[in-house]
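A closer look at the structure
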Amino acid sequence: MSGQPPNDTPLDVVEMPEPLPSHVLRRTTDPTSLPRAKGDSTVAFVGQDRAIDAIAFGTTIRKYGFNLFVLGPRGSGRHSAVRDVLEKRAPEEAPPDDWVYVNNFQTPHKPRAIRLPVGTAIRFRDAMDALVADLGVALPALFESDEYKARRGAIDEEAQSKQEDLFEGLNEKARSKSISIMRTPMGFGFAPQRNGEAIKPEVFQALEQAERDRIQGDIEALQAELRDILNQLPRFEKDRRDRIRALNKEMATGTVMVEIAEVAEQFSDVTPITDFLEQVSTDVVENVEAFLETEAQAQAAAMPIAPSLTDRNPRLKRYTVNVMVGSDGVEEPTGAPIVFETNPTYQNIIGRVEHAAQMGALVTDFTMIKPGALHQANGGYLVVDVRELLMQPGAWEGLKRSLRSGEIQITSVSQQLGLSSTAALEPDPIPLSVKVVLVGDRMLYYLLHAQDPEFAELFKVQADFDDDVDRSDDTAANYVGMIVGLAAKEKLRPIDPTGLARLFDEAARLADDAEKLTLRVGAVTDILQEADHWASEEGNHEINAGHVERAVTERDRRGGRLRERIQEQALRETVLIDTDGAVVGQVNGLSVLSLGDQRFGKPSRITARVRMGTGKVVDIEREVELGGPLHSKGVLILSGYLSARYARDLPVSLSASLVFEQSYGGVDGDSASSAELYALLSALSGVPIKQSFAVTGSVNQFGEVQAIGGVNEKIEGFFDLCEARGLTGDQGVLIPVANVKHLMLRDRVVAACREGQFAVHAVETIDQGIEILTGVSAGGSAPDSGFAAGSINGLVETRLVNFAQARRAFGSRDLGESDKIA
């Protein structure tokens, strides 16, 4: 039948090429070839010269916007490197000035920020606390003195005398007119009298009318005079209070001046403090009653009360000092501060104003202003993890706003968003001079660069940490030094040469490259710590290769549940994967699953079906929206390869379908495109593919097999399945030649290959791969003669030509039927 591959054409059988030798499958390190560690066993940042130089540059340049973003993979030593560079540089810099907030006596809701010389803030705060305490003793004692009591008594007596004189004059007038003045609960009362006794009402009514009118007139005149006297009493009282206040000021001024002079003498060279003390002196004299109230409360209290004057009377907090930045006073501050903020909330970065509940309301004052990381790092360095920063509401915008303005303005998030209408403190902004170092991964760096226009303006220096370093003699000594330094830093056992060599090999494995060593210091440290544990279990004083091997093996075992379950499904034939025999249009593909810190290979069956059609290769994964864009791209490349290589003078008359069998999740990546092409070529040629092989590698339109990722895990995934079923010596994996340099297979795989029980073949082209998979020659092509008969390519082209002819005949038949109908 037209369109079927010819069955009578003899196949051009070829011999199986030699697989890769075992020494290529894993580059091992000779323990005797490793150099001694250099230096003093400190952790060196091997291969990170560019990043370290960038950090050094970013920390030395003092221009606007030259803050740092340290990017790289987690565990690459980013934080350690930043800390190391900063701890070497910061001590060489001048320590920053101290900062305090004090009361603003004119506008209390706007506390004043004062810059003070280094080491002054704490002493100033303590001096002010001592001043308040001293005044709390001296002023009450002063106002209990005989002199004060005498002068105060004279003022009171004089005021009392004035009142009594007025009332006595009024009484004299009333007596002269036979009228008595009486005090009643309702106020003053007037009554006529006879012979020194008040006249009874009935007697008064019996008097003649003229007499009664005269008495009534006298009473009204006296009442008017009494009103005048009573109106003068508040003025007399105010005069008394003014005189007492003036006396208090006069008496207090001397004491206050003496006490404040002692404080001023300690800070005579600090102008902001002496200016503030002048204001304090004036305010204390004006509000001396606050100290007297505190003493009176202490004497009247039935229970013990707080020892601090400011706790007894919040009014006295106005004279205290709120230290925002200042040394503890125990040691002289040296160098610029380095702050690692691990919880970068908005309040922890910018600072906050706290509140206290009082009588059902929230109250605050300048003493409740708390510093943020920017205050603590001002004049030095602030290191923040950018992921943590971006997760906190308002923190990123608050940091940028401070860097742009060059000052720290403490406001709440609600105020920034305009959601708060209540009265709030407005502290003076504090000038900002800080070098911010953000640490994060590359994705966040590039996202911020693309999406935030202010990011490039504020973070102009990037320090990019490499993932790996060349595995060479030049780097070996430094890498050994890094390992020895890590062991010393973590207080682990010494590691012997065999352990170093095994760790070198594992570092190459982690780098996915036999010619590289990973720079993920965290991963190397984890292996070292686990190896130290196993050395301890065995009672060894050194870490050797066996301990490192056990650490790696046990880690794989702990995370191997899912890998074992997937393999079990294949062994029980729940998932169909053949490892022997030969099938047309079917091939074993390989993929990598990454779950947590575990990566392992997973074999999958890929099948292809072909028939005459319009030249379309159907990707079933894409049709049902399980295939990603990269996988779909790989399938489209197959169409380009087929149409450009076979029967080029005829229209492509093929209809083909490709699918990952028993795939129930998304499929992406083009690493299976060569396997899909092999399945197509097998289906078209009718030549079966050996199921003892699995395939990985992408392909381009010229039939060249290209490199893929996860080559070690893919090989080991198929090997594990074959080993579980029993190695036959015919099983193996096809990989791209470009991936040979990435091979760092486990020892058991290398041993099986050395014994001829398993094989790894490296191919450059699809022709090489199809020959290994089928045992039939691919068949070269000449410009005029075409493909060799009996070759895979010859059979494929014959099949496609047959499809085209059948399609043409089918089209002609349809046209003839149309003419008859017409």
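All values reported here derive from a predicted model rather than from experimental measurement.

1. A short note on the overall build of the protein
Within the protein, the regular secondary structure consists of 29 helices and 32 strands. Sorting the 822 residues of the protein into buried and exposed places 45% on the buried side. Counting only contacts in the protein whose residues sit at least 6 apart along the sequence, the fraction spanning at least 24 positions is 77%. With the model as given, the accessible surface of the protein reaches about 40600 Å², and the carbon-plus-sulfur share is 50%.

2. Description of the pairing of strand β22 (residues 598–612)
Direction of pairing for strand β21 (residues 586–595) relative to β22: antiparallel, over a ladder of 10 bridges. Across the sheet, the residue bridging to Asn 588 is Arg 605, located in β22. Between β21 and β22, which pair antiparallel and follow one another directly, the connecting turn spans two residues, one of which, Gly 596, has a positive phi of 65 degrees. As paired elements, β22 and strand β24 (residues 654–660) share seven bridges and run antiparallel to each other. Paired with Ile 606 across the strands is Phe 660, a residue of β24.

3. Here we look at unusual backbone geometry
Look at Asp 512: it is not a glycine, yet its phi comes out positive at around 60 degrees. Its location among the elements puts Asp 512 in the loop between α19 (497–510) and β19 (516–518). A positive phi angle is found at Glu 573, which is not glycine, with a value near 60 degrees. Looking at the secondary structure, you find Glu 573 in the loop between α22 (561–571) and β20 (582–583).

4. Here we look at the side chain of Thr 320
Looking at the secondary structure, you find Thr 320 in the loop between α10 (309–312) and β7 (322–325). Reaching out from Thr 320, the side chain makes a polar contact with the backbone oxygen of Lys 317 at a distance of 2.7 Å.

5. Remarks on the pattern of salt bridges
One pass over the structure, following the stated rule, counts 42 salt bridges. The salt bridge involving Glu 716 is made with Arg 509; its shortest N-O contact spans 2.6 Å. You can see Glu 716 sitting in helix α26 (residues 711–725) and its partner Arg 509 sitting in helix α19, a full 207 residues away along the chain. Residue Arg 555 pairs with Glu 530 through a salt bridge whose shortest N-O separation is 2.5 Å. Taken together, the residues span a long stretch of sequence, with Arg 555 in helix α21 (residues 545–558) and Glu 530 in helix α20 (residues 521–538) at a distance of 25 residues. Judged by relative accessible area, which is 23%, Arg 555 ranks as partly exposed. According to the relative accessible area criterion, Glu 530 is buried, its value standing at 18%. Via salt bridges that share partners, Glu 397, Lys 400, Arg 404, Asp 452 and Glu 454 belong to a single interconnected network.

6. With respect to the nonpolar core
By size, the foremost hydrophobic cluster in this structure holds 41 residues, and its most contacted members are Leu 642, Tyr 678 and Leu 681. Contributions of two or more residues to this core are made by β22, α24 (629–645), β24, α25 (673–685), β26 (693–695), α28 (766–774) and α29 (792–821). Per element, the largest residue contribution to this core is eight residues, and it comes from α25. With residues up to four places along the chain from it excluded, the contact list for Tyr 678 reads Ile 689, Val 695, Val 705, Leu 734, Val 763, Thr 765, Ile 766, Gly 769, Ile 770 and Leu 773. Counting 40 residues, the second-largest nonpolar core is a separate cluster that includes Val 102, Phe 143, Val 263 and Val 284.

Calculation criteria
- Residues numbered from 1 in each chain as written.
- Predicted model: local features only at pLDDT ≥ 70, side-chain atom pairs only at ≥ 80, totals over all residues.
- Heavy atoms only, no water.
- Helix = DSSP H or I, 4+ residues; strand = E, 2+ residues; numbered from the N terminus.
- Buried < 20%, exposed > 50% of the residue type's maximum accessible area, 1.4 Å probe, protein only.
- Contact = heavy atoms within 4.5 Å.
- Areas by Shrake-Rupley, 256 points an atom, 1.4 Å probe, with all protein chains shown as cover.
- Pairing = 2+ DSSP bridges.
- Polar contact = N/O pair within 3.5 Å; in protein donor to acceptor, adjacent residues only side chain to side chain.
- Salt bridge = Lys/Arg side-chain N within 4 Å of Asp/Glu carboxyl O.
- Core = buried A, V, L, I, M, F, W, Y, C linked by side-chain atoms within 4.5 Å.

Remember, this is a structural readout, not a statement about activity or role.
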